[in-house]
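What follows is each chain in one-letter form.
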Amino acid sequence: MRRILILLALAAVLLTGGCSFVRYSFSGTSIDPDVKTVTINYFEYKAMKVNPTLSNDITEALKDKFRKMTNLEQVEMDGDLDVSGEVTGYEVRASAVTADEVAAQNRLTVTCKLKFVNKLHPEENVEQSFSAYSDYDSTNPLDAVEATLCEEIVEKLVEDMFNACVAQW
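Here's a quick rundown of the structure. As a convention, each chain's residues are numbered from 1 in the sequence order in which they are written. Thresholds applied to this predicted model are a pLDDT of at least 70 for local features of residues and 80 or more for the giving and counting of side-chain atom pairs; totals over whole chains, interfaces and linings are not thresholded and use all residues. Neither water nor hydrogens contribute to the side-chain values; these are computed over all heavy atoms in the structure.

**Some thoughts on the overall build of the protein chain**
Item 1. Strands here mean DSSP runs of E at least two residues long; helices mean DSSP runs of H or I at least four residues long; both are numbered from the N terminus. The helix and strand inventory of the protein chain stands at 3 helices and 6 strands.
Item 2. Walking the protein chain from its N terminus toward its C terminus, one meets helices and strands in the order α-β-β-α-β-β-β-β-α.
Item 3. Burial classes: relative accessible area under 20% of the type maximum marks a residue as buried, over 50% as exposed, and values in between as partly exposed (1.4 Å probe, protein chains only). The 169 residues of the protein chain split such that 37% are buried.
Item 4. Long-range pairs, those at least 24 residues apart, make up 67% of the contacts in the protein chain between residues at least 6 apart in sequence.
Item 5. Summed over its atoms, the accessible surface of the protein chain is roughly 10600 Å², and 55% of this surface lies on carbon and sulfur atoms. Two residues form a contact once any of their heavy atoms are found within 4.5 Å. To measure how exposed things are, a 1.4 Å probe is used in the Shrake-Rupley method; for residues, cover is taken only from the protein chains shown.

**Some thoughts on the pattern of salt bridges**
Pairing between side chains of opposite charge can happen when their charged atoms approach one another.
Item 1. Between Lys or Arg on one side and Asp or Glu on the other, a salt bridge is scored when a side-chain nitrogen of the former is within 4 Å of a carboxyl oxygen of the latter. Considering all chains together, one arrives at 8 salt bridges under this definition.
Item 2. Between Asp-78 and Lys-119 there is a salt bridge whose closest N-O contact spans 3.9 Å. Here Asp-78 is found in the loop between strand E3 (73-74) and strand E4 (81-97), whereas its partner Lys-119 is found in the loop between strand E5 (103-118) and strand E6 (126-137), with 41 residues between them in sequence.
Item 3. The class of Asp-78 is exposed, set by a relative accessible area of 61%.
Item 4. For Lys-119, a relative accessible area of 45% translates into the label partly exposed.

Below you can see the structure in the form of structure tokens.
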């Protein structure tokens, strides 16, 4: 019985001791242990149609996501990870048309360009565009539903961008 306990204890030590280099966590992130800091820069607004709060909403939501899902310290500059980007598209188009060729639903689409730089592991760098959308009934003016739509869209965009940066999905 004592031998079994010793063997189990030895196996546990070997298994846990040998996994110190593994890059995953229960949050789904895949961050190397030597990465300690992240800099999240303000997402510039470069879309034709103006939404004055969207850049700030995306930037703050991304900072919040990193705060909640990682143990990285957020620093103003020179982080081990550097996240930057811009809002490149903000448009409304018809997404469903009635038999009378009238828009029944409209779709608000937001597009962002993300640049992710891992200074310690440059092979993990990402430069990619992301889009997210939300549909709404065309009987509602955009002004009436824009805040709610943008909230949903920002959540989707931030999830996708976060996963591209540190989950390598």
